[in-house]
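Remarks on the overall topology
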Amino acid sequence: MIWQIDEAILILVMFCAIGALQVKDLLGAALVFGAFSFMMCVLWTSMGAVDVAFTEAAVGAGVSTVLFIGAVFRTSRRSKD
């Protein structure tokens, strides 16, 4: 693939990772983490590792995001610190 697209995807992945750590709202952090997992799926696909991308999409962007959102609704939404 074109290296400029790979670089743009990598920059978006880094922004999602930093954003997930900086957000104080736990629901927002879970959604940013889901976006991070989706961007990693796109990055794996651009590298040609389709099996890894499929696993990342199913487990990372799918199941774990749903579990994080469910856990946020069972606890408080805002972080204390």
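Our subject is the structure that appears above.
Fair warning: this is a prediction, and the values are worked out from it, not measured in the lab.

Section: the overall build of the chain
When helices and strands are tallied, the chain shows three helices and zero strands. In the chain, the order of α-helices and β-strands from amino to carboxyl end is α-α-α. Judged by the C-alpha coordinates and their principal axes, the chain covers about 45 × 20 × 10 Å. Counting only residues that meet the buried cut, the chain has 27% of its 81 residues in that class. Pairs at least 24 apart in sequence give 61% of the contacts found in the chain among residues at least 6 apart. Surface summary for the chain: the accessible area is close to 5,500 Å², and the carbon and sulfur share equals 75%. Across the chain, the 5 positively charged side chains and the 6 negatively charged ones have centroids separated by 22 Å.

Overview of the packing of helix H2 (residues 26-47) against helix H3 (residues 50-74)
How two helices sit against one another is set out by the angle between their axes and by the gap between those axes. Two elements in contact, H2 and H3, have axes separated by 8 Å at closest approach and are oriented at 180°. By the angle between their axes, H2 is roughly antiparallel relative to H3. Residue-level contacts link Leu 26, Leu 27, Ala 30, Leu 31, Phe 33, Gly 34, Ser 37, Phe 38, Met 40, Cys 41, Trp 44 and Thr 45 of H2 to Val 52, Ala 53, Glu 56, Ala 57, Gly 60, Ala 61, Ser 64, Thr 65, Phe 68, Ile 69, Val 72 and Phe 73 of H3. For the contact of H2 with H3, the residue count by class is 17 nonpolar, six polar and one charged.

Here we look at the side chain of Asp 25
Here Asp 25 shows up in the loop between helix H1 (3-22) and H2. The residues touching Asp 25, leaving out its near neighbours within four places in the chain, are Arg 77 and Arg 78.

Quick notes on H3
Residue pairs spaced three or four apart in an α-helix point in one direction, given the helix's 3.6 residues per turn. Compared with an ideal rise of 1.5 Å per residue, which puts 25 residues at 36 Å, H3 spans 35 Å between its outermost C-alpha atoms and is within 8% of the ideal. Along H3, the helix axis deviates most sharply at Glu 56, where the bend reaches about 30°. Buried within H3 are the following residues: Ala 53, Gly 60, Ser 64, Thr 65 and Val 72.

Here is what the cut-offs are and how they apply
- Residues numbered from 1 in each chain as written.
- Predicted model: local features only at pLDDT ≥ 70, side-chain atom pairs only at ≥ 80, totals over all residues.
- Heavy atoms only, no water.
- Helix = DSSP H or I, 4+ residues; strand = E, 2+ residues; numbered from the N terminus.
- Buried < 20%, exposed > 50% of the residue type's maximum accessible area, 1.4 Å probe, protein only.
- Contact = heavy atoms within 4.5 Å.
- Areas by Shrake-Rupley, 256 points an atom, 1.4 Å probe, with all protein chains shown as cover.
- Lys, Arg positive; Asp, Glu negative; His and termini not counted.
- Charge placed at Lys NZ, Arg CZ, Asp CG, Glu CD.
- Axes fitted to C-alpha atoms, helices over the stretch in contact; angles between N-to-C directions.
- Parallel < 35°, antiparallel > 145°, perpendicular 65-115°, else oblique.
- Nonpolar A, V, L, I, M, F, W, Y, C, P; charged D, E, K, R; others polar.
- Expected span 1.5 Å × (residues − 1).
- Bend = angle between axes of the 7 residues up to and from the residue.

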